[in-house]
Amino acid sequence: MKPSLSHLVTRFFNAYLANERGVSENTIAAYGDTLCLLIKHLCKTENKKPEKISLEMLAPDKILDFLDHLERDRNNSPSTRNLRLAAIKTFLHYAARENPEPMLQNERIQAIRAKKTDHKPPPSLSVEQVHAILDAIDTSTLIGLRDKALVQLLYNTGARVQEIADLRITDLRFESPATVTLTGKGQKTRTIPLWEETVQAIQAYLQARAYAGIESNHLFLSNKAEPITRFGIGRRIELHGKNAAQKCPSLKELNLTPHLFRHTTALHLIESGNDITIVKDWLGHADLKTTSQYIEVSVARKRAALEKLPPPGSGDPIEMPKWKAPGILEFLSSLSGHRKLCCDLPPQTAAKGYPNACFAT
């Protein structure tokens, strides 16, 4: 008996993604959103109830129609479309493993190519902009102390926002050398050194929290003394960015998010002369190609800085030498070096029939 679509979906999330692959909760949620959107679209186009949707209905033309629906009706970008397609391919790859019958159908869907997207270098903050955001935080309150420690830690570690939200006090080491242990994608951990300023900001927050009688093993808590969410962190970053923009107008042009600090940390590490493999481990990237994008940004920023720097000398524009095309005989002679061509020899020499006359020196 072949498994139903509902059985495959349940096994895909509970057994395959969670246990076999060990992906994060955010990845599971993203895959769940994709399949939910796909099934709802099929229910509408096929005029069927969700329990009547079968695996055979996930044909290549239906998948392509769904991808077009995402861009046309939901105004999704090509990048979002590609992520949805990747999730569908992962599910159908698992489904084909559990039920080999639709193998040909799966192969045709796996052959659907992702759309090309515009290659844009990741945005980042300058050191002055980071300082402006930190200075804009009011540390006279417990929430302000928390936010100061949070932003400082984001910039210090370049961590993903979920990694910050998941932090526990036991992940910190305050003794020298001070470190924090982050748990990233696939439950992989990495240890990042901490600046003394970061340690001081975190300790000030924890001391104020203890004085307020708040106890929790989670590092960052909401105003309700519950573990802060990544959405809560995003709202606080946006708020402090708006406040900092009053004294640092260049921040108004940026969409300030927690992930922007990750880009900033990576770029600043590259520009400080650190090896790219160190930056890769620092950020927890699985592929060096992901880290190499920051080298491109770094070179572009250095080129822009060079254009603003006047060249040494009197300041007068350099007069470039004009190239003059040589005559045809001069050009041919230059190819032979010091050797003389037959046309340069006296007529009587060339007429004697010497075989080496063309190579006289």
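Residues numbered from 1 in each chain as written. Predicted model: local features only at pLDDT ≥ 70, side-chain atom pairs only at ≥ 80, totals over all residues. Heavy atoms only, no water.

### Remarks on the layout of surface pockets
Estimated volume of the largest pocket: approximately 2000 Å³. Elements that contribute at least two residues to the lining of the largest pocket include exactly α2 (25-46), α4 (78-98), α8 (161-165), α10 (230-244), α11 (258-271) and α13 (288-308). Here the lining of the largest pocket takes seven residues from α4, the largest share from any one element. Residue composition of the lining of the largest pocket, by class: 13 nonpolar, 21 polar and 12 charged. (1 Å grid on protein atoms, 1.4 Å probe; cavity = no way out; pocket = protein on both sides within 12 Å on 5 of 7 lines; lining within 4 Å. Points joined across faces, edges and corners; volume = space filled by probe spheres on them. Helix = DSSP H or I, 4+ residues; strand = E, 2+ residues; numbered from the N terminus. Nonpolar A, V, L, I, M, F, W, Y, C, P; charged D, E, K, R; others polar.)

### Examining the environment of Ser250
With respect to the helices and strands, the residue Ser250 is situated in the loop between α10 and α11. Residues Ser250 and Ser126, 124 residues apart in the sequence, show an inter-C-alpha distance of 9.9 Å. A polar contact is formed between the side chain of Ser250 and the side chain of Gln129, at a distance of 2.9 Å. (Polar contact = N/O pair within 3.5 Å; in protein donor to acceptor, adjacent residues only side chain to side chain.)

### Section: empty space enclosed by the protein
Applying the stated criterion to the full structure yields two cavities of 30 Å³ or more. Space inside the largest cavity adds up to approximately 50 Å³. Along its surface, the largest cavity is lined by Leu55, Leu92, Ala95, Ala96, Pro102, Gln105 and Asn106. When contributions to the lining of the largest cavity are tallied by element, the ones reaching two or more residues are α4 and α5 (103-110). If one sorts the elements of the lining of the largest cavity by residue count, α4 sits on top with three residues. In terms of residue class, the lining of the largest cavity is made up of five nonpolar, two polar and no charged. Put simply, the second largest cavity is a space of about 40 Å³. Elements represented by at least two residues in the lining of the second largest cavity include exactly α1 (5-21) and α2.

### Examining the confidence of the model for the protein
Put simply, the protein has an average pLDDT of 85, and 81% of its residues get 70 or more. Segment residues 349-361: pLDDT under 50, and 10 contacts once partners within four positions in sequence are set aside and those in other chains are kept. (pLDDT = per-residue confidence, 0-100. Contact = heavy atoms within 4.5 Å.)

### Considering α5
Within α5, burial applies to Gln105, Asn106 and Ile109. Angular distribution of buried residues about the axis of α5 spans 100 degrees; they occupy a single face of the element. Turned more than 90 degrees from where α5 packs its buried face, Leu104 and Arg108 sit exposed. Looking at the buried positions of α5, the neighbouring elements they touch are α3 (60-72) and α4. (Buried < 20%, exposed > 50% of the residue type's maximum accessible area, 1.4 Å probe, protein only. Arc of directions from axis to C-beta.)

### Topic: the packing of α3 against α4
The interhelical angle for the contact between α3 and α4, taken along N-to-C directions, is 150 degrees, at an axis separation of 9 Å. As far as their axial angle goes, α4 and α3 are roughly antiparallel. Remark: the crossing between α3 and α4 carries right-handed chirality. Taking contact as the criterion, the partners of Ile63, Phe66, Leu67, Leu70 and Glu71 in α3 are, on α4, Pro78, Arg81, Arg84, Leu85 and Ile88. (Axes fitted to C-alpha atoms, helices over the stretch in contact; angles between N-to-C directions. Parallel < 35°, antiparallel > 145°, perpendicular 65-115°, else oblique. Left-handed = near helix turned anticlockwise from the far one by under 90°.)

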